[in-house]
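# Inside the fold
The lines below spell out each chain.
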Amino acid sequence: MCLIMETDDHNGDVLAPPSNFSMVEDGIYRSGFPRPENFSFLKTLNLRSIIYLCPEPYPEENLKFLEANNIKLYQFGIEGKTDPPTPMPKDTVLDALKVLVDVRNHPILIHCKRGKHRTGCLVGCLRKVQSWCLSSVLEEYQKNAGLKWRQRDLNFIETFDIVSLRQCLLSIMYQYHGYGFKRRRLAYEEENVQTPKPQAARV
């Protein structure tokens, strides 16, 4: 169900989010395919990036909206066929996940056509990176997919190996200065002079 927001006082537009829109985390959103009537709402999110999980070309009117608002498009062409069923490509999901965890791309919107299956799989893999318990990860997927949830998607999320993302997470992370304002910056692995000894991860 599409929630109609209140009128924007600046230009009188009705702010209508895309179908199945919700917040995943601060600065990370998910939805179905954005339509022109959703553009005014998307402006309020101050997006830097969009992850598009379908193989079809992005519509020209959407591309013009992205260009006008300085939003970068990352397209990962994942087929959504059900007959015959198309398995989720692990390498493609991993590439999308690398874009998703890079805070330089935030605020970011993830979407496919309906924001249920392909989007749900990517969000599910993110939750595993965040160390959510598996039951909660699968429950979130099913809640957003509704009655059309797919067992093969649940199997994909359950067996997705997040160890392969470890190198990416080591090279892109949050660090805070201990003086003045707490400014967030990205630390890169090549900045490390010495290789640290194995120890418990610090959050």
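Residues numbered from 1 in each chain as written. Predicted model: local features only at pLDDT ≥ 70, side-chain atom pairs only at ≥ 80, totals over all residues. Heavy atoms only, no water.

The name that an unreviewed UniProt entry assigns to the chain is diphosphoinositol-polyphosphate diphosphatase, with the source organism given as Arabidopsis thaliana x Arabidopsis arenosa.

### Quick word on the sheet that holds strand β3 (residues 49-52)
As summarised here, the arrangement of the five strands in space is β1-β2-β5-β3-β4, forming an open sheet in which the pairing is mixed. Two strands in the sheet have a free side with no partner beyond their single neighbour: β1 (22-25) and β4 (72-75). Recorded for the sheet is a direction-independent mean angle of 25° between the axes of neighbouring strands. As judged from the four bridges shared by β3 and β4, these two strands associate in the parallel manner. Looking at β4, one finds that Tyr52 is bridged to Gln75. (Pairing = 2+ DSSP bridges. Helix = DSSP H or I, 4+ residues; strand = E, 2+ residues; numbered from the N terminus. Axes fitted to C-alpha atoms, helices over the stretch in contact; angles between N-to-C directions.)

### Remarks on helix α4 (residues 117-129)
For α4, which comprises 13 residues, the first-to-last C-alpha distance of 19 Å matches the rise-based estimate of 18 Å (1.5 Å per residue) to within 8%. The element α4 is largely enclosed, with a buried count of 13 among its 13 residues. Looking one or two residues beyond α4, the residue adopting positive phi is Ser131, at roughly 65°. (Expected span 1.5 Å × (residues − 1). Buried < 20%, exposed > 50% of the residue type's maximum accessible area, 1.4 Å probe, protein only.)

### Section: the side chain of Thr119
Inspection of the secondary structure assignment puts Thr119 in helix α4. For Thr119, a relative accessible area of 0% translates into the label buried. Of the polar contacts made by the side chain of Thr119, one reaches the backbone nitrogen of Cys112; its length is 3.2 Å. (Polar contact = N/O pair within 3.5 Å; in protein donor to acceptor, adjacent residues only side chain to side chain.)

### Structural notes on unusual backbone geometry
In this structure, the amide linkage connecting His106 to the following residue, Pro107, adopts the cis form with an omega of -5°. The topology assignment puts Pro107 in the loop between α3 (90-101) and β5 (108-111). Despite not being glycine, Asn20 has its phi angle at roughly 55°, a positive value. Note on placement: Asn20 falls in the segment before β1. A residue is classified by how much of its surface remains accessible, and Asn20, at 25% relative accessible area, is partly exposed. Look at Asn70: it is not a glycine, yet its phi comes out positive at around 60°. With respect to the helices and strands, Asn70 occurs in the loop between α2 (60-68) and β4. Classification of Asn70 as exposed rests on a relative accessible area of 70%.

### Section: the pattern of salt bridges
Within the structure shown, the criterion is met by four salt bridges. A salt bridge links Arg104 to Asp102; its shortest N-O distance comes to 2.6 Å. By relative accessible area, which is 7% here, Asp102 ends up buried. Across the pair Arg127 and Glu140 runs a salt bridge, and its minimum N-O distance is 2.9 Å. Taken as a pair, Arg127 in helix α4 and Glu140 in helix α5 (residues 134-145) lie far apart in primary sequence, 13 residues in all. (Salt bridge = Lys/Arg side-chain N within 4 Å of Asp/Glu carboxyl O.)

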